[in-house]
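Coordinates in review
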Amino acid sequence: GSVERIYYEQANAKVEEFKKPNLPQVLGIDEFRGCGKARYNLALTDLSNSKGARLLNILEEKRMEPFFKHCEMYTRAERECVTIIVQDMDKGLRSWTKLMFPRAFHIADKFHVTRNLLKHMERVRKVEFEKCKKWQEKQILKGTSYMLRKRQQDLKKKKKKKVQRILETFPQ
């Protein structure tokens, strides 16, 4: 009787919580390549916990209508409790999140910022390599892409000296 009733009440409450989890203060939104008809899916995660992200939901399509439909499950007051949104730099998705979470501070996620920075850094390295008039300057830059991407503290002494030489030779 009563033990079984309590069990089912608790289980049903958990099922309802899974259908509509509480919105966190820090919401992560990331696209990923899905399988099936949709090219990309959206993962919504709770990034409030310092121990790691907690998956809240997966939207089967990265389209405005399903995103808005999902967000409209929550009241405006519930959505205003989200203070930070961490996401990639996709302009469309950013505009959707600004409409649905107008009070949230938007942050580009570390992965996409780093990827963008490294792409531009490699472009500058290639331009500088092409500008080199002397063979010795080209030799300084040749094969340095990987070492310029590594953290300074992870480089061996010899590689640190080479990076230092690059920065001295090409201060711009």
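Whatever comes next refers back to the structure up there.
Summary of the structure given here. This one's a predicted model, so the numbers in the text were calculated from it and none came from an experiment. (Residues numbered from 1 in each chain as written. Predicted model: local features only at pLDDT ≥ 70, side-chain atom pairs only at ≥ 80, totals over all residues. Heavy atoms only, no water.)

Details of the pairing of strand β1 (residues 26-33)
For β1 and strand β4 (residues 84-87), the ladder comprises four bridges, and the chain directions are parallel. Residue pairing across strands places V26 opposite I84, the latter belonging to β4. Inspection of the sheet shows β1 paired to strand β2 (residues 40-46) by seven bridges, in the antiparallel sense. Bridge pairing in β2 links E31 to L42. (Pairing = 2+ DSSP bridges. Helix = DSSP H or I, 4+ residues; strand = E, 2+ residues; numbered from the N terminus.)

Points about helix α5 (residues 110-131)
With 22 residues, α5 ought to run about 32 Å at 1.5 Å a step, and its terminal C-alpha atoms sit 31 Å apart, in line with that. When α5 is considered as a whole, its buried residues turn out to be H112, L118, E122, R125 and E128. Looking at the buried residues of α5, the elements they touch are β1, α6 (135-141) and α7 (145-149). (Expected span 1.5 Å × (residues − 1). Buried < 20%, exposed > 50% of the residue type's maximum accessible area, 1.4 Å probe, protein only. Contact = heavy atoms within 4.5 Å.)

Digging into the pattern of salt bridges
If you walk through the whole model with that rule in mind, you get nine salt bridges. Overlapping salt bridges bring together E31, K62 and D90 as one network. (Salt bridge = Lys/Arg side-chain N within 4 Å of Asp/Glu carboxyl O.)

Structural notes on the pairing of β4
Bridge count between β4 and strand β5 (residues 105-108): four bridges; the pairing is parallel. Pairing of I84 across the sheet is with F105, part of β5. In this fold, the crossover linking β4 to β5 by way of helix α4 (residues 91-100) has right-handed handedness. (Right-handed = clockwise from strand over helix to strand, strands pointing away.)

Digging into the side chain of H70
In this fold, H70 is placed in helix α2 (residues 64-71). Excluding residues that lie within four positions of it along the chain, H70 makes contacts with L44, N57 and L59.

Topic: the packing of aromatic side chains
Under the counting rule described, the total for this entry stands at two aromatic pairs. Ring centres 5.9 Å apart and planes at 35° place the aromatic pair F67 and W96 in the tilted group. A residue pair is termed long-range when its members are at least 10 positions apart, and F67 in helix α2 and W96 in helix α4 qualify at 29 residues. Like F67, the residue W96 is buried in the burial classification. Pairwise contacts between aromatic rings join F67, F68 and W96 into one cluster. (Phe/Tyr/Trp six-rings, centres within 6.5 Å; stacked < 30°, edge-to-face > 60°.)

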